[in-house]
Amino acid sequence: MFLKHTMLASGLALMATGAYAGCGLSGGNVNILGNEFGAIQAIVAKAKECAGDGVTIESNLTVDHRDIQVAALTANPAQYTSAIVANSSIVPLLNDDLIRPLDDLVAKHGQDLQPNQLITIDGKIMAVAFMANAQHLFYRSDILEQVGVEPPTTYDEVLAAAEAIRAAGIMEHPFAMNTKTGWNLGEEFVNMYTATGADFFKPGTAEVAINNESGVAALNMLKSLMEYSNPDFLTYDSNATQALWEGGQIALATLWGSRGGGILDDEGSSEEVVASTVLTAAPALNGDTPASTLWWDGFTIARNISDEDAEATFVALVEGLGDDVVKANNDEAVWLSPAYEPGPASAGVAATAQAGAKPYPMLPFMGLLHTAAGAELTEFLQGAESAEQALADVEAAYTTAAKEQGYLQ
Amino acid sequence: MKHKTFFWFILPSLAAMIVFIAMPLVSVVVQSLHVEHEQVMVVTENCGPFGCEEQTSVDAEATAKLREEKPLGRFNGLGTYFDRGHLATAEVATAWSERASLGDFFKRLYNLPLYKAIAFTLTYTFVVTPLVIILGLAIALGVNRVTPALKGPTIFVSLLPMIVTPLIGSLILFWMIDAQGIIGKSLQFLFDDPELSLKASPTLTWITLIIYGIWHSAPFAFVVFYAGLQSVSHETLEAARIDGASRWQQVRYVVIPHLMPLAIFIALIQLMDNFRVFEPVIGFSAEANAPSLSYIIYNDLKGDVIRFNSAAATSLLTVVGVIILLAPVLVRTWRDFNRKVV
C-alpha cells in the first residue's frame, strides 16, 4: 500500500516538473485588452497558444477599449496585464503612468524584434509596435475609366472626379469618409489640417492655434467633399463606410488602410467591386503633404502587475507577433516585420507613408482637441455656421477642457 | 403607525439608499467642485516606426506626487458650473450684449453644448409626456372594449413596445429609417423626394426620437390606465347613459375625472424618465442633431481623457433640472397630504 502511494506520488511529481507551457513559461496570468480587428485577433489567438500549466491567457477585444483602459489599468492589481494601443490611446496611459518600461524584457526575450518596432519615450521602451495604419484613398478604377478621369492625387482632383461621376449619372453620392460625429469626425479634421502643414498648438505650449486660414481651408474642403456624400454622413463610422464600399455604392472613399484586407477579400462584396478596387496614397490638400496621419498599433504592459505576469504577457505577445502569424495574416495589416510581403491591401498605407505623411501627434492634450473638433464641427458641416465660428467653437471647447484637466492655467 | 415602528420598518431601505444614492451624490458634488492638478510637462525625445522627434509629454512622477498629496485635485468652487461646457455665463452675457435680435440670441445660445442639450431634452420631455398619457388612455379605452376572447393577445401586443430593450428597439428603428431601409424608402416614395433623409436634418431627427419615445412609453400609461378603468363605478356610468350622455361624454365626465390621480402619477414618472432620455440618442446615433443632458454626461465619461469633474457638474445640473420640473407636482402632493392630516 505504502509502495503504491509512493510510486503514484513520484510518478505525478515527475510529470509535473517536466511540464512547461509551450512558450517556455512556468506561470503567470495574462489578460489582454485591445481593439477588435483582424490583425489583433490573429495576434491574440496565437498568444493564447502559450496557455497551460500555470499560465492562463484571457483577452477582451472590443471597439470600446479606449474607454475602459485607463480605469482598468489604474486598479492595483491591474485588470489587464497588457493594453494594445495606438499612438493616441497610449497617451492617457503615459500621462497616468500606467504602463511599465520594457527595456529589460526586450533585452531578455525580444531578440527578434526590429528596432523600428520599439516605441521609446524619453529613452525608455514603452511599447512594441507591430503594424502601421493610415487613412488613404480607395477608388474604383472601372468607374474612373468610365468617366475618363485620372486617379486623383489631390482633394481638388477628388472633387472633380466625383462631379464627373455624378454628371455621368453613375452615382449621385460617389464619395464617403468616416465623418460620424465624435472621434471619427475629429480624425478627418486632424488629417485635413495636417496636410496644410500648420501647427495645431503654439510651439512649446498647450494653447490651441487652429483658427487661421489653414483651419478654414481644411474645413471648406471637408464641406465640399460632403456635398458628394450621402446626406447621412454624420452617422458614418468605419463599419458603415466599409459596408458602403463593399455594396458598390461609392466610387471614391477615404478609409483606414486596415480595412483593405476586409474589402479585398472574397467575402461581403461582389467580384466587380473587388476586382476594380485600388488603394492609393491619401490625397494632398494645397501642398505636397498627404491629408493623413500615420498610426502605429502596438502592445504595452501594465505597471500594476507582478513581474511574473509581465514576463508571461511579454513572451506570449512576442509569440503572437511571430513570422508564422504575419505570413498567415499577411493582408490583415501593414506589419512591421521582415516576414511581411507588401501586397495590394497595403499599397495605400505604404504610398501614404512614402509621400511624407506625418505621424499623429502624441501630445498629452491632443485628445482634448480631437474630442472638441469631433463635437463642434457638426453644425458647420450641416451649413448652420461659418468656418471661422466653427473653429472658434472648437478652440473654446478645447480651452475649457484643457483648463479643467490642468494643461492650461 | 408609531414613528418608531415606521423607522425600524424602513431602516433597511434607508440604509441601502444612503449607501447607494446619497453617498455617491455627495461624492459627485465634491468632484464637481474640483478640477485636475496643473500638469507638469517636459520635452522628451520620442522614437517610433516613423522616426524620432522632440515632443511635450507629461512628467508622470511629478504629477503623481501632486496627486498623492491632494487626490481630489484643485478646488475650483463653482468655476466648472459657469464654464463654457456648462452654464457658460460669460458666453451668454456676450451673446446677449452682442445680439442682433432675439432670434440671433437664441441661435448663439443654441451653439453652446449645454443649452443645445437642454433645448432637445425639454422639447422631448414636454412633447412626449402629454402624448404618452393621451395615447395610453386611448389604447386603454380601446382594449377595454375588445371582446374578452381577444383581450389577452391584444394586451400582449400593446405591451410589446415597452418590453423591447430601448437600445435594441431604437437600433432596429434606426436601420428601418435609413435611406435604404423600409421606412426611409417608403417616405422617399411618398413625398417623391429621393434626397429625403430622416437622419440628416435636425428637425426630422427630433421628430423621429419623439415618435420613438411615445411608442416606447405608451404601454406604461396603457397598463396604469387599464387597471384604473376596471375600478370605474358602473352605477355612475349607467346613470350617465340613462341621462343621454354620448360615448365621448361618458368618457369625459365620468372616466377621466376618475383616472385623474393616475394621470398625475404617470405624468410624474414620465417627466422624470423623459428628462433623462439617453438610449434613443445612442441607438439613433443622433448625438450630432439631438444631444440630451444624459448624453453629454456620458460623452464626458468616455474616450481617452475622462472628464469626471465636468460630468459631475452636468449631473448636478440635471438633478436641479428634475427638481425644478417636479416642483409643482410635489408642492401639490404636499398640500394634499397636509390637508388630509388636518
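This is a predicted model, so every value here is computed, not measured. (Residues numbered from 1 in each chain as written. Chains lettered and ligands numbered in written order. Predicted model: local features only at pLDDT ≥ 70, side-chain atom pairs only at ≥ 80, totals over all residues.)

Caption draft 1: The arrangement of the overall build of chain A in detail. The secondary structure content of chain A amounts to 18 helices and 11 strands. A compact globule built from 409 residues would reach a C-alpha radius of gyration of about 22 Å, and chain A, at 24 Å, matches this within 12%. In terms of overall dimensions, chain A has C-alpha extents of about 95 × 55 × 35 Å along its principal axes. Scored against the burial criterion, the 409 residues of chain A give a buried share of 55%. In chain A, the proportion of contacts linking residues at least 24 apart, taken out of those at least 6 apart, comes to 75%. (Helix = DSSP H or I, 4+ residues; strand = E, 2+ residues; numbered from the N terminus. Rg over C-alpha atoms; globule rule 2.2 N^0.38 Å. Buried ≥ 20, exposed ≤ 12 C-beta atoms within 10 Å, placed from the backbone. Contact = placed C-beta atoms within 7 Å.)

Caption draft 2: Spotlight on the interface of chain B and chain A. If you look at the interface, chain B gives 39 residues, while chain A gives 47 residues. Every element with two or more residues in the side of chain B that touches chain A is listed here: strand 2 (41–48), strand 3 (51–58), helix 2 (60–69) and helix 15 (308–341) of chain B. Tallying contributions element by element places strand 2 of chain B first for the side of chain B that touches chain A, with five residues. For the side of chain B that touches chain A, the per-class residue count stands at 12 nonpolar, 16 polar and 11 charged. The pairing of strand 4 (residues 118–121) of chain A with strand 2 of chain B spans two bridges and is classified as antiparallel. Each residue of the ladder has a partner; that of Thr120 of chain A, found in strand 2 of chain B, is Cys47 of chain B. (Nonpolar A, V, L, I, M, F, W, Y, C, P; charged D, E, K, R; others polar. Pairing = 2+ DSSP bridges.)

Caption draft 3: Summary view of the pairing of strand 3 (residues 82–86) of chain A. Strand 3 of chain A sits mainly inside the fold: five of its five residues count as buried. Here strand 3 of chain A shows a buried face lined by Ser82, Ile84 and Ala86 of chain A and a second buried face lined by Ala83 and Val85 of chain A.

Caption draft 4: Just the environment of Glu267 of chain A, in detail. As for its position among the elements, Glu267 of chain A is in the loop between helix 11 (260–264) and helix 12 (271–276). Sequence spacing of Glu267 of chain A and Ile165 of chain A is 102 residues, and the spatial spacing of their C-alpha atoms is 26 Å.

Caption draft 5: Molecular detail of unusual backbone geometry. With omega at 5°, the peptide bond leading from Asn76 of chain A into Pro77 of chain A counts as cis. Relative to the helices and strands, Pro77 of chain A resides in the loop between helix 3 (65–74) and strand 3. Even without a glycine there, the phi angle at Ala88 of chain B is positive, about 50°. Its location among the elements puts Ala88 of chain B in the loop between helix 3 (79–82) and helix 4 (89–97). Exposure remark for Ala88 of chain B: the 22 C-beta atoms within 10 Å place this residue in the buried category.

Caption draft 6: Molecular detail of the packing of helix 6 (residues 113–145) of chain B against helix 12 (residues 247–275) of chain B. All names here are of chain B. Where helix 6 meets helix 12, the closest approach of the two axes is 9 Å, and the angle between their N-to-C directions is 145°. Where helix 6 crosses over helix 12, the handedness of that crossing is right-handed. Judged by residue contacts, Thr121, Tyr124, Thr125, Val128, Thr129, Val132, Ile133, Gly136 and Leu141 of helix 6 engage Val251, Ala263, Ile266, Ala267, Gln270, Leu271, Asn274 and Phe275 from helix 12. For the contact of helix 6 with helix 12, a count of residues per class yields 11 nonpolar, six polar and no charged. (Axes fitted to C-alpha atoms, helices over the stretch in contact; angles between N-to-C directions. Left-handed = near helix turned anticlockwise from the far one by under 90°.)

Caption draft 7: Seen up close, the domain arrangement of chain A. Residues and elements named next belong to chain A. One can read the domain layout of chain A as domain 1 (22–132 + 295–347) and domain 2 (134–293 + 350–405). A separation of 29 Å is found between the C-alpha centroids of domain 1 and domain 2. Between domain 1 and domain 2, the contact holds 19 residues from the first and 19 residues from the second. Top element by residues in the side of domain 1 that touches domain 2 is helix 4 (residues 90–95). It accounts for three residues. Broken down by class, the residue content of the side of domain 1 that touches domain 2 amounts to 12 nonpolar, five polar and two charged. (Domains from an automatic or database assignment.)

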